[in-house]
Structure formats: structure tokens, C-alpha cells
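Fold and contact review
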Amino acid sequence: MWLKSFVVAALLQVSVAGVANSAGPFGSVNVGNWIGGAFSNDETGAFSHCAATTPYANGVILIVGQNAAGSWTLSFASPSYRFKQGENAAIDVIFDGQEQARLFATANQPNMLTSVMPANVVRTFQKASLMVATSGRTVLNFDLTSTGPVIAALANCVTRVKADGLGKASDFTKGAAKPAAAADKRASPPASKPAKSKSGTGFVVSANGHIVTNNHVIDGCSDIKGNLTGEAAMVLRVVSSDANNDLALLQAPSTTTFRDFARIRDRSIRSGDSVVAIGFPFHGLLTSDFTVTTGIVSSLSGLRNDSRFLQISAAVQPGNSGGPLFDTTGQIVGVVTGKLDGLRIAAATGNIPENINFAIKTGALRDFLDNSVVPYQTAEPRGELKTTDIAGNARAYTMLISCNGTEQADAKR
């Protein structure tokens, strides 16, 4: 009963126009677990906004609203929240592991953060299946399978109430437009397609905040960001890149400090040695944390005997690119760069290859860092560590790298 009361109270509080009190709901919005309707301003009795909400197992309640002026909001509420009035917070959201946006939320109530959603975020929100929201060290997952019809119903709610008044409010899910239509009318960009978001992995290699990743992770990107697990994203700038060896060097802001950074193994690795790969595959669809896989060095050369690469059996997926490859002492022995195209090989040979993945050797990495004048450190392999310890140490310097890619870059890939 307390949860239902809290949900109703949250709906009353979501007024984009900043009205402190509301009455309602008038009519109804019922889609999946989402409930809501239209609301009025208690002070004037005039229509204020339409909103719908749904609770999640993580203890957070999402509230989506659109006001009479057409602006959209997304609110995060919980009975456990204790915000100060007017407190602000940045919330990074990733949809289906691809599209990323930063929302700036304000606590108009002690138990709720409310942010305005730009039109492009509304479009993504209504099409996505999963949203990962990060604020500070808090990372939360939200299933968005019903948000398409909810956005359509709320847009229909605003349109009908403005035309017919609150007295004729009814079931706003009936006759709602197709999901994308209502959100796009006010701020649709011209015919150009929106940039696609993509992500990969990187790792810090110096106390000065230099970060290594693959060139193909950031190629053609704007607004490159990186964040350690559970921490807020930071804007990164490109220092140098090497398309031939698929390496890129990024720089964290000068105000950023890291507890540790990776050391590069100062001795050649051998075929058959064990390795550990860490990265962020399918970020947003799988775990929000990095993943850890183990395997061996299968070969000291890559495709067509390319001596710049190692072939490894440790499983990697899209998103692992640019991530660190460790030996059993926790030293860097390579930079994960990709896997064999199984479908292409299957089409050519009739056989599906398994566990054929590649990493850039430290020789090419060190040449790249030397040319970029990076004060990296090397280390002799001494004393084997448990995989859990290697992963624990890597947490301090392994980053999710994300950015918006251009249409031109996508066409080339």
C-alpha cells in the first residue's frame, strides 16, 4: 500500500512547469506496469501535465511526463532518497549499449530527481529496450520494453486535454499516435541522420592520465568520454592515433587523478602462456561492470603471419576493443583489438571458427607511446596473481570509452 501511495505522490509532483501542487489523475494511462494520466495545477485548476510511472526491483521509480507546453521530463524517485531542495546531479544514461546522453537533474522534492529530456533523448527512450543510468558511483538498469506506447499515450494525453479539457479526460492509450510521432514534432532535425553512439575499452598508462585504446574505437568520433566503473564520465581529448597499428592515445582532464595505472610487461610472452582480457563488451545490454575472460596465447602472430599481433583464445566481443590484455602477473602484454569474422570465414570455408581473437603486441604499443612521448612504466613479470586480483587491480585504470560517431565514419567501417 505504501508503494502505491508513493507512486501517486510522485505523479502529482512531476510538473515540468514547476508547479508545487497538482491534482489528478484525470483520465488514465495504463501500459504494462506504467500507470498515469492528466494532472492540474491546484492553485489555478488549469491543466498542468500528463505523466506515467512504474516501479523497479532496484527500488527506483521512473516517472515520465510532458507538460502543457510540450516539454518532456524523466524523474527518478525513491522513498529512500534524501535530497536537499534544489540539489543538482548529472545522470549519464546509455540506451541498449549504444546511444548515450547526459541529463542534468534537480531535486524539486527530497525523494525525487527530475531532468528535462531533449527531443532526441525522448526518441531514443521510446525506442530502446534497456537503459543504464549512472550517477556518481550508482549504476542502475531499467527495462524499457513498454516506453514506446507510454510516450505515445502521454503525447496523446496532452493533445486531447488541451483540445477538450480535463472534464473529458478518458483512456489516453486509445487513439494514441505511433510512438515516434508525438515526440518528434517540435524539434525534429532536418533530414540528416543522427550520429550513432559506440563504445569500447581503454586503460590508463601514466600518472598523467594518458589512456590507450584502439584507433577504430574513436575514429570519426566527437564528444569522446571515459569512465571507470561506477564513476562519472569525463571528457577525453585525442592526443595521437595510429590507424595502421590500430592504436589511439587519449588524455584525461588535468584535474583528474587516478589511484593507479597499468604497467607494460618488459619480457616477451610465449605461445601457450595464460592471459586475461578485461573490457566492456555489449555495454548496457550485459553488465554495467567490466567483464573478465581468460585463455592462452594461441600464436605469436596474427592473420597472414602479421607479427604485430598475438592470437589469443580469451573470449572477446564488440566493446572489448582497446582493452588491456594481462599476463598472470598483472602486467600488460597486449591491447585487445578484435576477433576473427566468423560469418565471413564460415561462408568461405563452411566451418565456423571458435576462440580466434587478436591483440596488439607490446612492441607496437611501446613504439607508439615512445613516439607520443608518454612516460609509461614497464615491469618484470614476478609472482603470479589470482585472476580475481588482476581484475581487482585493473578496476582502478580500466575505462569504458564512448563517443558519437559520424555518418561518414560509419560508412567507412
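Residues numbered from 1 in each chain as written. Predicted model: local features only at pLDDT ≥ 70, side-chain atom pairs only at ≥ 80, totals over all residues. Heavy atoms only, no water.

Attention shifts here to the overall build of the chain. Across its full length, the chain carries 9 helices and 25 strands. Of the contacts made within the chain by residues no fewer than 6 positions apart, 63% connect residues no fewer than 24 positions apart. Of the roughly 18900 Å² of accessible surface on the chain, a fraction of 50% belongs to carbon and sulfur atoms. (Helix = DSSP H or I, 4+ residues; strand = E, 2+ residues; numbered from the N terminus. Contact = heavy atoms within 4.5 Å. Areas by Shrake-Rupley, 256 points an atom, 1.4 Å probe, with all protein chains shown as cover.)

Another point: the state of the cysteines. A complete count under the given rule lists 2 disulfides for this structure. In this model, C50 is linked to C157 through a disulfide, with the two sulfur atoms separated by 1.9 Å. Residues C50 and C157 share a disulfide whose torsion about the S-S bond is about -75 degrees; that sign makes it left-handed. Within this pair, whereas C50 is found in strand β3 (residues 47-55), its partner C157 is found in helix α3 (residues 147-164), the two being separated by 107 residues in sequence. Of the two residues, C50 and C157, both sit in the buried class. Covalently, C221 is tied to C403 through a disulfide, its sulfur atoms 2.0 Å apart. Taken together, the residues C221 in strand β13 (residues 221-228) and C403 in strand β25 (residues 398-405) connect sequence positions 182 residues apart. (Disulfide = S-S within 2.5 Å. Buried < 20%, exposed > 50% of the residue type's maximum accessible area, 1.4 Å probe, protein only.)

A few words on the pairing of strand β16 (residues 247-251). Most of β16 sits inside the fold, with 5 of its 5 residues counted as buried. The alternating pattern of β16 places L247, L249 and Q251 and A248 and L250 on opposite faces, both of which are buried. Two elements, strand β12 (residues 210-213) and β16, share 4 bridges in a ladder whose sense is antiparallel. Its bridge partner being in β16, V212 is matched across the sheet by L249. Sheet topology note: the strand β15 (residues 237-242)/β16 ladder contains 5 bridges and is antiparallel. Of the residues in β16, the one forming a bridge with V238 is L250. (Pairing = 2+ DSSP bridges.)

This next bit is on the environment of K168. Inspection of the secondary structure puts K168 in the loop between α3 and α4 (179-184). You can call K168 exposed: its relative accessible area is 61%. Put simply, K168 and F26 are 142 residues apart on the chain and 8.6 Å apart in space, counted from C-alpha to C-alpha.

This part covers the pairing of β3. Extensive coverage of β3 is indicated by the burial of 8 of its 9 residues. Inspection of the sheet shows strand β2 (residues 34-41) paired to β3 by 6 bridges, in the antiparallel sense. Within the sheet, the bridge partner assigned to G36 lies in β3 and is A52. Hairpin connection of β2 to β3: 5 residues between the antiparallel strands, including G45 at a positive phi of 80 degrees. Pairing analysis gives 7 bridges linking β3 to strand β4 (residues 61-67), with the strands arranged antiparallel.

This part covers the nonpolar core. Residues V212, L369 and I401 are the most contacted members of the largest nonpolar core, which totals 46 residues. Residues in contact with L369, not counting those within four places in the same chain, are V205, V212, L249, I264, V374 and Y376. Counting 43 residues, the second-largest nonpolar core is a separate cluster that includes V29, C50, Y81 and A133. (Core = buried A, V, L, I, M, F, W, Y, C linked by side-chain atoms within 4.5 Å.)

The subject of this paragraph is helix α8 (residues 387-394). For α8, every residue scored as buried is listed here: I390, A391 and A394. Angular distribution of buried residues about the axis of α8 spans 95 degrees; they occupy a single face of the element. (Arc of directions from axis to C-beta.)

Right, let's talk about the pattern of salt bridges for a bit. For the structure shown, the criterion picks out 8 salt bridges. For the salt bridge of R267 with E380, the shortest nitrogen-to-oxygen distance reads 2.8 Å. On the criterion of sequence distance, the pair formed by R267 in the loop between β17 (264-265) and β18 (274-279) and E380 in the loop between β24 (378-379) and α8 is long-range, its members being 113 residues apart. Given a relative accessible area of 48%, R267 falls into the partly exposed group. Residue class for E380 comes out partly exposed when judged on its relative accessible area of 32%. As a salt-bridge pair, R395 and D289 come within 3.0 Å of each other at their nearest N and O atoms. In this pair, R395 is assigned in the loop between α8 and β25 and D289 in the loop between β18 and β19 (291-299), connecting sequence segments 106 residues apart. In this structure R395 comes out as partly exposed when scored by relative accessible area, which is 33%. Residue D289 is classed as partly exposed on the basis of its relative accessible area of 23%. (Salt bridge = Lys/Arg side-chain N within 4 Å of Asp/Glu carboxyl O.)

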